[in-house]
Amino acid sequence: FHTIIDAGANVGQFALTAAQRFPMAEIHCFEPVPDVYEILKSNVKRTPKIHTYNCAVGDINGKIQFYRNDYTPASSIMVIQGDQEDHNRTNCEAKRTKIIEVDIFRLDDLDSTFGINIKQPALLKLDVQGYEKKVLQGADKILECIDYIVLEATFVKLYENQPLFDELHQMLYGIDFELVAPLDINEGINHSIVEMDVLYRRKR
(Lines give C-alpha, C1' and ligand atoms only; values in the text may rest on other atoms or scores of the structure.)
Protein backbone atom coordinates (compact mmCIF):
# COMPACT_ATOMS: atom_id res chain seq x y z
CA PHE A 1 0.00 0.00 0.00
CA HIS A 2 1.02 3.61 -0.61
CA THR A 3 -1.63 5.11 1.72
CA ILE A 4 -3.29 3.74 4.86
CA ILE A 5 -6.04 5.60 6.70
CA ASP A 6 -6.40 4.40 10.30
CA ALA A 7 -9.69 5.72 11.70
CA GLY A 8 -9.94 4.91 15.39
CA ALA A 9 -6.21 4.44 15.93
CA ASN A 10 -6.31 4.14 19.75
CA VAL A 11 -2.64 3.93 20.84
CA GLY A 12 -1.30 2.83 17.44
CA GLN A 13 -1.57 -0.96 17.59
CA PHE A 14 -2.74 -1.31 13.98
CA ALA A 15 -0.58 1.51 12.61
CA LEU A 16 2.66 0.11 13.99
CA THR A 17 1.91 -3.36 12.64
CA ALA A 18 0.98 -1.88 9.25
CA ALA A 19 4.20 0.16 9.19
CA GLN A 20 6.24 -3.02 9.61
CA ARG A 21 4.29 -4.86 6.93
CA PHE A 22 4.14 -1.93 4.48
CA PRO A 23 7.23 0.23 5.19
CA MET A 24 6.68 2.49 2.16
CA ALA A 25 3.11 3.43 3.11
CA GLU A 26 2.12 6.83 4.47
CA ILE A 27 -0.14 6.01 7.44
CA HIS A 28 -2.62 8.61 8.71
CA CYS A 29 -3.99 7.91 12.20
CA PHE A 30 -7.14 9.54 13.61
CA GLU A 31 -7.75 9.31 17.35
CA PRO A 32 -10.25 11.67 19.06
CA VAL A 33 -9.58 11.07 22.80
CA PRO A 34 -6.93 13.61 23.90
CA ASP A 35 -5.08 11.50 26.48
CA VAL A 36 -5.15 8.42 24.25
CA TYR A 37 -3.90 10.58 21.37
CA GLU A 38 -0.87 11.63 23.44
CA ILE A 39 0.02 7.95 23.98
CA LEU A 40 -0.45 7.33 20.26
CA LYS A 41 1.90 10.18 19.40
CA SER A 42 4.53 8.87 21.79
CA ASN A 43 4.22 5.31 20.48
CA VAL A 44 4.71 6.26 16.81
CA LYS A 45 7.20 9.13 17.14
CA ARG A 46 10.07 6.99 15.84
CA THR A 47 8.11 6.01 12.74
CA PRO A 48 8.19 9.06 10.45
CA LYS A 49 5.68 7.68 7.94
CA ILE A 50 2.96 7.54 10.61
CA HIS A 51 1.07 10.84 10.91
CA THR A 52 -1.39 11.53 13.75
CA TYR A 53 -4.51 13.71 14.04
CA ASN A 54 -6.46 14.37 17.24
CA CYS A 55 -10.01 14.13 15.88
CA ALA A 56 -12.83 11.78 15.01
CA VAL A 57 -14.08 11.07 11.50
CA GLY A 58 -17.72 10.89 10.45
CA ASP A 59 -20.29 12.49 8.16
CA ILE A 60 -19.95 16.09 9.44
CA ASN A 61 -17.26 18.68 10.13
CA GLY A 62 -17.19 20.49 13.46
CA LYS A 63 -17.56 19.40 17.08
CA ILE A 64 -19.39 16.38 18.47
CA GLN A 65 -20.18 14.80 21.83
CA PHE A 66 -18.01 11.79 22.55
CA TYR A 67 -18.24 9.09 25.23
CA ARG A 68 -14.78 8.32 26.61
CA ASN A 69 -14.83 4.89 28.25
CA ASP A 70 -12.41 3.86 31.00
CA TYR A 71 -11.70 0.92 28.69
CA THR A 72 -10.52 3.26 25.93
CA PRO A 73 -11.01 0.90 22.93
CA ALA A 74 -14.77 1.05 23.70
CA SER A 75 -14.89 4.87 23.57
CA SER A 76 -17.33 6.08 20.92
CA ILE A 77 -19.59 8.77 19.56
CA MET A 78 -22.31 6.17 20.13
CA VAL A 79 -23.95 5.57 23.51
CA ILE A 80 -23.45 2.13 25.08
CA GLN A 81 -26.80 0.41 25.59
CA GLY A 82 -27.66 -1.65 28.65
CA ASP A 83 -25.08 -3.41 30.80
CA GLN A 84 -22.42 -5.94 29.92
CA GLU A 85 -24.82 -8.86 30.38
CA ASP A 86 -27.00 -7.40 27.64
CA HIS A 87 -24.27 -7.04 25.05
CA ASN A 88 -22.24 -10.12 26.00
CA ARG A 89 -18.94 -8.26 26.40
CA THR A 90 -16.49 -7.67 29.19
CA ASN A 91 -14.95 -4.29 30.08
CA CYS A 92 -17.66 -2.20 28.39
CA GLU A 93 -20.04 -0.58 30.82
CA ALA A 94 -21.96 2.64 30.18
CA LYS A 95 -21.35 3.82 33.74
CA ARG A 96 -17.62 3.90 33.00
CA THR A 97 -17.95 6.68 30.41
CA LYS A 98 -17.24 10.39 30.60
CA ILE A 99 -18.71 12.83 28.07
CA ILE A 100 -16.20 15.03 26.27
CA GLU A 101 -16.33 17.18 23.12
CA VAL A 102 -14.06 16.36 20.19
CA ASP A 103 -13.35 17.65 16.70
CA ILE A 104 -14.82 15.65 13.83
CA PHE A 105 -14.15 15.73 10.08
CA ARG A 106 -15.38 13.99 6.96
CA LEU A 107 -12.86 11.77 5.19
CA ASP A 108 -13.87 13.52 1.97
CA ASP A 109 -12.23 16.67 3.36
CA LEU A 110 -8.84 15.11 4.17
CA ASP A 111 -7.16 17.07 1.38
CA SER A 112 -8.71 20.46 2.14
CA THR A 113 -8.42 20.11 5.93
CA PHE A 114 -5.15 18.22 6.42
CA GLY A 115 -3.48 18.26 3.00
CA ILE A 116 -3.69 14.48 2.74
CA ASN A 117 -3.57 13.11 -0.80
CA ILE A 118 -4.52 9.48 -1.30
CA LYS A 119 -2.07 7.51 -3.40
CA GLN A 120 -3.16 4.08 -4.55
CA PRO A 121 -3.18 1.32 -3.68
CA ALA A 122 -4.87 2.52 -0.50
CA LEU A 123 -6.33 0.86 2.59
CA LEU A 124 -9.01 2.26 4.89
CA LYS A 125 -9.16 0.74 8.37
CA LEU A 126 -12.25 1.51 10.48
CA ASP A 127 -12.41 0.76 14.19
CA VAL A 128 -14.87 3.46 15.22
CA GLN A 129 -17.08 1.58 17.63
CA GLY A 130 -20.46 1.57 15.89
CA TYR A 131 -19.89 4.71 13.82
CA GLU A 132 -18.77 2.91 10.64
CA LYS A 133 -21.85 3.79 8.61
CA LYS A 134 -21.51 7.52 9.36
CA VAL A 135 -17.82 7.44 8.45
CA LEU A 136 -18.59 5.79 5.11
CA GLN A 137 -21.37 8.32 4.46
CA GLY A 138 -18.79 11.08 4.83
CA ALA A 139 -16.37 9.42 2.43
CA ASP A 140 -18.22 9.27 -0.92
CA LYS A 141 -15.39 10.82 -2.93
CA ILE A 142 -12.44 9.33 -1.12
CA LEU A 143 -13.81 5.80 -1.39
CA GLU A 144 -13.18 6.00 -5.14
CA CYS A 145 -9.47 5.98 -4.25
CA ILE A 146 -9.69 3.18 -1.67
CA ASP A 147 -8.79 -0.34 -2.77
CA TYR A 148 -9.29 -2.25 0.50
CA ILE A 149 -11.31 -1.70 3.67
CA VAL A 150 -10.77 -3.39 7.04
CA LEU A 151 -13.51 -2.84 9.57
CA GLU A 152 -14.83 -4.23 12.83
CA ALA A 153 -18.24 -5.76 12.11
CA THR A 154 -20.58 -6.45 15.01
CA PHE A 155 -23.16 -9.20 15.40
CA VAL A 156 -24.49 -8.13 18.81
CA LYS A 157 -25.27 -4.47 19.51
CA LEU A 158 -23.07 -2.72 22.02
CA TYR A 159 -24.15 0.83 21.16
CA GLU A 160 -27.57 2.38 20.62
CA ASN A 161 -28.58 2.46 16.92
CA GLN A 162 -25.44 0.56 15.94
CA PRO A 163 -25.50 -1.03 12.47
CA LEU A 164 -24.73 -4.74 12.56
CA PHE A 165 -22.73 -6.82 10.10
CA ASP A 166 -25.57 -7.42 7.61
CA GLU A 167 -26.30 -3.71 7.22
CA LEU A 168 -22.66 -2.75 6.76
CA HIS A 169 -22.06 -5.65 4.37
CA GLN A 170 -24.99 -4.57 2.17
CA MET A 171 -23.78 -0.97 2.27
CA LEU A 172 -20.27 -1.93 1.20
CA TYR A 173 -21.59 -4.25 -1.51
CA GLY A 174 -23.70 -1.37 -2.80
CA ILE A 175 -20.63 0.83 -3.22
CA ASP A 176 -18.70 -1.88 -5.08
CA PHE A 177 -16.73 -3.58 -2.31
CA GLU A 178 -16.72 -7.35 -1.91
CA LEU A 179 -15.96 -9.49 1.12
CA VAL A 180 -12.54 -11.15 1.03
CA ALA A 181 -12.13 -12.81 4.43
CA PRO A 182 -12.56 -12.51 8.19
CA LEU A 183 -9.30 -11.50 9.89
CA ASP A 184 -10.04 -11.83 13.58
CA ILE A 185 -12.98 -13.03 15.69
CA ASN A 186 -13.96 -11.72 19.11
CA GLU A 187 -15.97 -14.12 21.24
CA GLY A 188 -18.29 -12.89 23.97
CA ILE A 189 -18.54 -14.07 27.56
CA ASN A 190 -20.65 -17.08 26.47
CA HIS A 191 -18.31 -17.91 23.53
CA SER A 192 -20.68 -16.64 20.83
CA ILE A 193 -19.22 -14.39 18.13
CA VAL A 194 -19.84 -10.73 18.93
CA GLU A 195 -17.39 -8.98 16.62
CA MET A 196 -15.24 -9.81 13.65
CA ASP A 197 -12.58 -7.84 11.79
CA VAL A 198 -13.40 -8.19 8.11
CA LEU A 199 -11.44 -7.40 4.92
CA TYR A 200 -13.18 -6.00 1.83
CA ARG A 201 -11.73 -5.07 -1.56
CA ARG A 202 -13.02 -3.02 -4.46
CA LYS A 203 -14.78 -5.24 -6.97
CA ARG A 204 -12.68 -6.04 -10.01
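To keep things clear, this report deals only with the structure shown in the data block. All figures in this text were calculated on a predicted structure; none of them were measured in a lab.

1. Regarding the sheet that holds strand S4 (residues 56-58)
Point 1. The strand order across the open sheet formed by three strands is S4-S6-S5, and the pairing between neighbours is mixed. Each of the sheet's edge strands pairs with one partner strand only, and the pair in question is S4 and strand S5 (62-69). The average angle at which neighbouring strand axes cross in this sheet is 50 degrees, direction not considered.
Point 2. Pairing between S4 and strand S6 (residues 97-106): three bridges, direction parallel. Bridge pairing links Val-57 to Phe-105 in S6.

2. Comments concerning the environment of Val-11
Point 1. Residue position: Val-11 is located in the loop between strand S1 (3-7) and helix H1 (13-21).
Point 2. The spacing of Val-11 and Leu-40 is 29 residues in sequence and 4.1 Å in space, taken between C-alpha atoms.
Point 3. If sequence neighbours within four positions are ignored, Val-11 has contacts with Val-36, Ile-39, Leu-40 and Asn-43.

3. Quick word on helix H2 (residues 34-44)
Point 1. Residues of H2 that are buried: Val-36, Tyr-37, Leu-40 and Val-44. Relative to the axis of H2, the buried residues are bounded by an arc of 100 degrees and lie together on one face.
Point 2. Packed against the buried residues of H2 are H1, strand S2 (26-30) and strand S3 (50-53).

4. A closer look at the sheet that holds strand S9 (residues 177-187)
Point 1. Spatially, seven strands are ordered S3-S2-S1-S7-S8-S10-S9 in an open sheet, and the strand pairing comes out mixed. Of all the strands in the sheet, the pair left with one neighbour each is S3 and S9. This sheet shows a mean twist of 15 degrees between the axes of neighbouring strands, independent of strand direction.
Point 2. In this structure, S2 lies alongside S3, joined through four bridges in parallel fashion. Considered in S3, the bridge of His-28 is made with His-51.

5. Notes on the pattern of salt bridges
Point 1. Using the criterion set out here, one finds 10 salt bridges in the structure.
Point 2. The salt bridge partner of Glu-178 is Arg-201, with a shortest N-O separation of 2.9 Å. Linking Glu-178 in strand S9 with Arg-201 in strand S10 (residues 193-202), this pair joins segments that are 23 residues apart in sequence.
Point 3. Of the residues examined, Glu-178 reaches a relative accessible area of 25% and is grouped as partly exposed.
Point 4. A network of salt bridges, in which partner residues are shared, links Arg-106, Asp-108 and Asp-109.

6. Here we look at the layout of surface pockets
Point 1. The volume enclosed by the second largest pocket comes to roughly 170 Å³.
Point 2. Lining the second largest pocket, in full, are Phe-1, Phe-14, Thr-17, Ala-18, Arg-21, Phe-22, Leu-123, Tyr-148, Val-150, Leu-183 and Leu-199.
Point 3. Looking at the lining of the second largest pocket, the elements with two or more residues in it are H1 and strand S8 (148-154).
Point 4. Ranked by residue count, the leading element in the lining of the second largest pocket is H1, at four residues.

Parameters and conventions
- Residues numbered from 1 in each chain as written.
- Predicted model: local features only at pLDDT ≥ 70, side-chain atom pairs only at ≥ 80, totals over all residues.
- Heavy atoms only, no water.
- Pairing = 2+ DSSP bridges.
- Helix = DSSP H or I, 4+ residues; strand = E, 2+ residues; numbered from the N terminus.
- Axes fitted to C-alpha atoms, helices over the stretch in contact; angles between N-to-C directions.
- Contact = heavy atoms within 4.5 Å.
- Buried < 20%, exposed > 50% of the residue type's maximum accessible area, 1.4 Å probe, protein only.
- Arc of directions from axis to C-beta.
- Salt bridge = Lys/Arg side-chain N within 4 Å of Asp/Glu carboxyl O.
- 1 Å grid on protein atoms, 1.4 Å probe; cavity = no way out; pocket = protein on both sides within 12 Å on 5 of 7 lines; lining within 4 Å.
- Points joined across faces, edges and corners; volume = space filled by probe spheres on them.

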